[in-house]
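# Architecture and fold: a report
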Amino acid sequence: MSSVMPPDSVDFINLSGKIQLISLLENMQQKSTVQEYIDYCEYCLHIVRHGIEISYCEVMDFIGVGNDTVPAEISIEVRFLLEMFDHISMSLAKLPKADAQNTVLECYTNFCGFETALNFHLSAYIFLVRTYQTRVPIFKESLPITLRHYREMMLKYERYKRNEYLTDEMIKDICVRRDQQIQFAL
């Protein structure tokens, strides 16, 4: 199967392109101290060395070639959003159990992912997860909140972010209340 590749893309077929890509992946692997990242580099090296063409897009994604670039403002927004949810999660863990449970029942306190049309936001999230820069998981709920909701939350969070831990009242002020979510979406 022969395909024409754009001039700025990585060529997996010719020998010099393969050698260059293997060298890049080996350097990435050697510079890391995170075992999962090292293992993923090894996985990508296996794909390139053995010519597993069906998985080339995965390697391209990993090294950051072949996709549209994610604008800096979106990457920053996603990073701030995930830091906010991480702060909320850590704060909930410090609250008395009854207060934390009450807050979770009243509000969306978990990250619910992005709408499918927000490819750049999702790409930035995947990058942060893959490179172990965030530990915020996606919680799918029946009525997930939207980017508009997240932005409203981040505006409210701005005044509280310097606190080591958020109180239950702060979290309730920041987070979208479950009964208000439907009104927000309209």
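In this report, we go over the structure that sits alongside the text. Computed from a predicted structure; not experimentally measured.

## Details of the packing of aromatic side chains
With the rule as written, the count across this model stands at 7 aromatic pairs. For the pair Tyr40 and Tyr43, a centre-to-centre distance of 5.4 Å together with 45° between the ring planes defines the contact as tilted. Residue Tyr40 and its partner Tyr43 are both found in helix α2 (residues 35-50); the two are separated by 3 residues, about one turn of the helix. Considering the side-chain rings of Phe85 and Tyr150, the 5.8 Å spacing of their centres and the 85° angle between planes classify their relative orientation as edge-to-face.

## Brief notes about the nonpolar core
Of all hydrophobic cores here, the largest spans 34 residues; its most connected members are Met84, Phe85, Ile88, Phe111, Phe114, Tyr150 and Met153. Taken together, the elements giving at least two residues each to this core come down to α4 (72-94), α6 (119-130), α7 (147-157) and α8 (168-174). Among the elements that take part in this core, α4 stands out by supplying 9 residues, more than any other. Those residues in contact with Met153 that sit more than four places away from it in its chain are Met84, Phe85, Ile88, Tyr108, Ile145, Ile174, Cys175 and Val176.

## A short note on α2
One full turn of an α-helix is made of 3.6 residues, so residues set three or four places apart face in the same direction. Between its terminal C-alpha atoms α2 stretches 22 Å, which fits the 22 Å expected from 16 residues at 1.5 Å a residue. Within the span of α2, buried status applies to Tyr37, Ile38, Tyr40, Cys41, Cys44, Leu45, Ile47 and Val48. Looking at the residues trailing α2, positive phi occurs at Gly51, about 65°.

Scoring rules and cut-offs
- Residues numbered from 1 in each chain as written.
- Predicted model: local features only at pLDDT ≥ 70, side-chain atom pairs only at ≥ 80, totals over all residues.
- Heavy atoms only, no water.
- Phe/Tyr/Trp six-rings, centres within 6.5 Å; stacked < 30°, edge-to-face > 60°.
- Helix = DSSP H or I, 4+ residues; strand = E, 2+ residues; numbered from the N terminus.
- Core = buried A, V, L, I, M, F, W, Y, C linked by side-chain atoms within 4.5 Å.
- Buried < 20%, exposed > 50% of the residue type's maximum accessible area, 1.4 Å probe, protein only.
- Contact = heavy atoms within 4.5 Å.
- Expected span 1.5 Å × (residues − 1).

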